[in-house]
Amino acid sequence: MVSFASRNGGQSTQFVTIDIYGDQGSGKRTLRAILDDYSYTREQDSRNFFFRPRIGSASQLEPASLSVVLVDATGPGAPSESTIEDAQKSSSSFCFLLTKTDLIAADYSDAHLAHLHRMRQLAYRYNVDSISVNALTIHGVADLVIYAVNTHSPLSKQPRFFPTLWRRLRTIFTDCLAACFTLPTSQITRNIEDELATIHGADDLLRQHPIESSSEWTQSLLRRLKIAHARSVPAILISPSLIWKQMWTGSEPAALEYVHQHTSIPIPRVHAHYGLHMIMDYIEGEMLLECWDRIGWFMRFRVACTLRLYIKQLRSLTCPDVRGVGTRKLAAHIFGDNEFGPFESTTHFRRFCDFVCFTGWESDLYACRYAGLAPPPLPEPTINWTPVFTHGDLNMSNILLDKNGTVWLIDWDSAGFYPASIESLAMLRSNEISQGQSTSWERYRAFIAGIPCKTEEQYWRYIEGAIDRFTN
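Scoring rules and cut-offs
Residues numbered from 1 in each chain as written. Predicted model: local features only at pLDDT ≥ 70, side-chain atom pairs only at ≥ 80, totals over all residues. Heavy atoms only, no water. Core = buried A, V, L, I, M, F, W, Y, C linked by side-chain atoms within 4.5 Å. Buried < 20%, exposed > 50% of the residue type's maximum accessible area, 1.4 Å probe, protein only. Helix = DSSP H or I, 4+ residues; strand = E, 2+ residues; numbered from the N terminus. Contact = heavy atoms within 4.5 Å. UniProt positions renumbered as here; feature names shortened; annotations may be inferred. Pairing = 2+ DSSP bridges. Axes fitted to C-alpha atoms, helices over the stretch in contact; angles between N-to-C directions. Salt bridge = Lys/Arg side-chain N within 4 Å of Asp/Glu carboxyl O. Disulfide = S-S within 2.5 Å. Parallel < 35°, antiparallel > 145°, perpendicular 65-115°, else oblique. Left-handed = near helix turned anticlockwise from the far one by under 90°. Nonpolar A, V, L, I, M, F, W, Y, C, P; charged D, E, K, R; others polar. Arc of directions from axis to C-beta. Phe/Tyr/Trp six-rings, centres within 6.5 Å; stacked < 30°, edge-to-face > 60°. Lys NZ or Arg CZ within 6 Å of the ring centre and 35° of its normal.

In the nomenclature of an unreviewed UniProt entry, the chain is known as Aminoglycoside phosphotransferase domain-containing protein of Leucocoprinus leucothites.

1. Re the nonpolar core
Looking at soluble globular proteins, one finds that nonpolar side chains tend to be buried together. Counting residues in each nonpolar core, the largest one holds 46 residues, and the members touching the most others are Leu288, Leu307, Phe389, Trp412, Trp441 and Ile448. Counting residues per element, the ones that place at least two in this core are helix H8 (216-225), helix H9 (252-262), strand E11 (277-281), helix H10 (288-291), helix H11 (297-315), strand E15 (399-401), strand E16 (407-409) and helix H15 (445-449). Sorting elements by how many residues they give to this core places H11 first, with 9 residues. Not counting residues within four places of it along the chain, the set of residues in contact with Trp441 comprises Leu288, Trp292, Leu307, Leu394, Met396, Ile399, Met427, Asn431 and Ile448. Grouped together as the second largest cluster of nonpolar side chains are 32 residues, Phe340, Phe352, Cys357 and Leu365 included.

2. Some details on the UniProt feature "domain: Aminoglycoside phosphotransferase" (unreviewed entry) in the chain
Mapped onto this structure's residue numbering, the UniProt feature "domain: Aminoglycoside phosphotransferase" (unreviewed entry) falls at residues 380-428. End C-alpha atoms of residues 380-428 are separated by 20 Å, and the span's content is 16% helix alongside 24% strand.

3. A word on the sheet that holds strand E13 (residues 323-324)
Pairing between the strands of a sheet comes from backbone hydrogen bonds, and it takes one of two forms, parallel or antiparallel. The strand order across the open sheet formed by 3 strands is E13-E17-E14, and the pairing between neighbours is antiparallel. The sheet terminates laterally at E13 and strand E14 (388-390), the two strands that pair on one side only.

4. Overview of the sheet that holds E15
Taken in spatial order, the 3 strands line up as E12-E15-E16 in an open sheet, and their pairing is antiparallel. The two strands at the open ends of the sheet, each matched to only one other strand, are strand E12 (286-287) and E16. In the sheet, E15 pairs with E16 via 3 bridges, with the strands oriented antiparallel. Paired with Ile399 across the strands is Leu409, a residue of E16. Seen against the sheet, H11 touches E15 and E16 and runs at an angle of roughly 45° to E16.

5. Quick word on the pattern of salt bridges
Inspection of the entire model under this criterion finds 19 salt bridges. Its salt-bridge partner being Arg369, residue Asp110 comes within 3.9 Å of it at the nearest N-O pair. A residue pair is termed long-range when its members are at least 10 positions apart, and Asp110 in helix H3 (residues 110-126) and Arg369 in helix H12 (residues 346-371) qualify at 259 residues. The partly exposed category is assigned to Arg369, whose relative accessible area is 40%. What emerges from the salt-bridge pattern is a single network uniting Arg42, Asp45 and Arg47.

6. What about the state of the cysteines?
Enumeration according to the criterion identifies 0 disulfides in this entry. Its sulfur unpaired, Cys319 is 15 Å from the next cysteine sulfur, which belongs to Cys353.

7. Some points on the packing of H3 against H12
Where H3 meets H12, the axes come as close as 8 Å, and the angle between the chain directions of the two elements is 160°. With respect to their mutual orientation, H3 and H12 come out roughly antiparallel. The two elements H3 and H12 meet at a crossing, and its hand is left-handed. Of the residues in H12, those in contact with Asp110, Leu113, Leu116, His117, Arg120, Gln121, Ala123 and Tyr124 of H3 are His348, Arg351, Phe352, Asp354, Phe355, Phe358, Trp361, Glu362, Leu365, Tyr366 and Arg369. For the contact of H3 with H12, a count of residues per class yields 10 nonpolar, 3 polar and 6 charged.

8. Remarks on the environment of Gly392
Tracing the backbone through its elements, the reader meets Gly392 in the loop between E14 and E15. Relative accessible area serves as the criterion here: at 4%, Gly392 is assigned to the buried category. Measuring from C-alpha to C-alpha, the distance between Gly392 and Tyr418 comes to 8.8 Å, with 26 residues separating the pair along the chain. If sequence neighbours within four positions are ignored, Gly392 has contacts with His333, Ser414, Glu423 and Ala426.

9. Details of the packing of helix H1 (residues 28-36) against helix H4 (residues 141-152)
Between two packed helices, both the angle of their axes relative to each other and the distance between the axes serve to describe the pair. At a minimum axis distance of 12 Å, the contact between H1 and H4 shows a crossing angle of 70°. Between H1 and H4, the crossing angle belongs to the class labelled roughly perpendicular. For the pair H1 and H4, the crossing hand works out as right-handed. Listed contacts from H4 to Leu31, Ile34 and Leu35 of H1 are Val141, Leu144 and Val145. Grouping the constituent residues of the contact of H1 with H4 by class yields 6 nonpolar, no polar and no charged.

10. Some thoughts on helix H2 (residues 81-90)
Regarding H2, the residues found buried are Thr83, Ile84, Ala87 and Ser90. Down the axis of H2, the smallest arc covering the buried residues is 125°, so these residues share one side. Looking at the packing, one finds that the buried side of H2 touches strand E2 (13-22), strand E5 (66-72), strand E6 (94-99) and H3.

11. Remarks on the pairing of E5
Across the 7 residues of E5, 6 count as buried, placing the element largely inside the fold. Where E2 and E5 come together, 5 bridges link them in parallel fashion. Residue pairing across strands places Tyr21 opposite Val69, the latter belonging to E5. Bridge count for E5 against E6 is 6 bridges, and the pairing is parallel.

12. Description of the packing of aromatic side chains
Tallied over the entire structure, the rule returns 30 aromatic pairs. A ring pair is formed by Trp292 and Trp441, whose centres lie 5.3 Å apart and whose planes are at 80°; its orientation type is edge-to-face. Pair noted here: Trp292 is in the loop between H10 and H11 and Trp441 is in helix H14 (residues 439-443), with a separation of 149 residues, a long-range link. A relative accessible area of 1% means that Trp292 is categorised as buried. When its relative accessible area of 0% is taken as the criterion, Trp441 is described as buried. Measuring from centroid to centroid gives 5.4 Å for Phe358 and Trp361, while their planes differ by 40°, and the two rings are tilted. Of this pair, Phe358 and Trp361 both sit in helix H12, separated by 3 residues, roughly a single helical turn. Each member of the pair, Phe358 together with Trp361, is buried. Chaining the aromatic ring pairs together yields one cluster made of Tyr124, Phe335, Phe340, Phe343, Phe349, Phe352, Phe355, Trp385, Tyr418, Tyr459, Trp460 and Phe470. Above the plane of the ring of Phe15 lies Arg52, whose end atom (NZ or CZ) is 4.4 Å from the centre.

What follows is the structure in structure tokens.
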């Protein structure tokens, strides 16, 4: 709650210093006068907070708890870089305040959309939060007060006990069930030294095995994948035990090595790589795309159990930031062909995604307006942004079942550390764009990788639809 109170101090009373920056006419003095009379009692710990607002200056001797930069939401300009630099110097935490928002109707007009766009653009560009306030009507000041208090004295996160306990118990039970029916795993033990001895570099391989190869194995793979052109085949069999594969990002060797070192998931070994090509084990088996409907419901269930535990292993591997393997750039399909990153933090990545999502949503809104339809809601889901290891392209052609019943995962070119929901969404995307995917495979998606809520799913769809408009 926000309340006015006398400054009687006391053991639980704290003062929060806020430095206010902004260009002339942005409302600095008005905001200072409002904050000077504010008090706030935080319900979670019953602490009382008062505020010491100051018109910002880089020469302040005492550092501020928070510095804020006022931006006129109705104007086209941005705050000067010198103003932003002064705000950054006065405190380790700062945010933007977009003011005069009472002059902008919340009606999805061009002015309103420009305001929403600007908030997300500033947040991403400077990796700080943006808050809408109006110093005349005091609308949004409470949000600023709560933000300043939680910046000055953060609350320890207290998870909700019963929902969290129920989810954990349900996950433990499902994992135990999957462990009872998981298929056995094996690794490659064959000796390939003689086969490797015949290989003399990338140029020699390209001469002997051109991309347009019409070998019997290549033609068979074309038929199995239901594609027409040899150039679409990512790999060529060059010996009984080895394939010569073309990569898209060049990060797959590092991803395979990482998975080999940290998990027990059956994967091919990499023996050499040259730029965007590599030599790796040939795994003899059937793609799930070929055999899924033939192997019977119980075997399908066991495959799903096995994949669930593979995903569990991958998600136990975390990273401080979002990135591909061996690079700080993004590699997942959802981010298109352009390279993005590195990001300063997971929060910076979230702000980037919010900005891209808004751009995709805005295009959808204009399309609905043109068609005379109601505007779609802007998705703002609650997402677990913790980066976990993700295969990123877990479709039925990248999962092999060998004659011994071992499930192999191949094609790790899109692997990296991303929010956990990316795995499930990549599976959904491949189901939608690939021919021959079974409807029962889609039903197992929740069991294997979980399913995000509809709002989160729409959030990532907007990102996928708009990402090509962005460059790093």
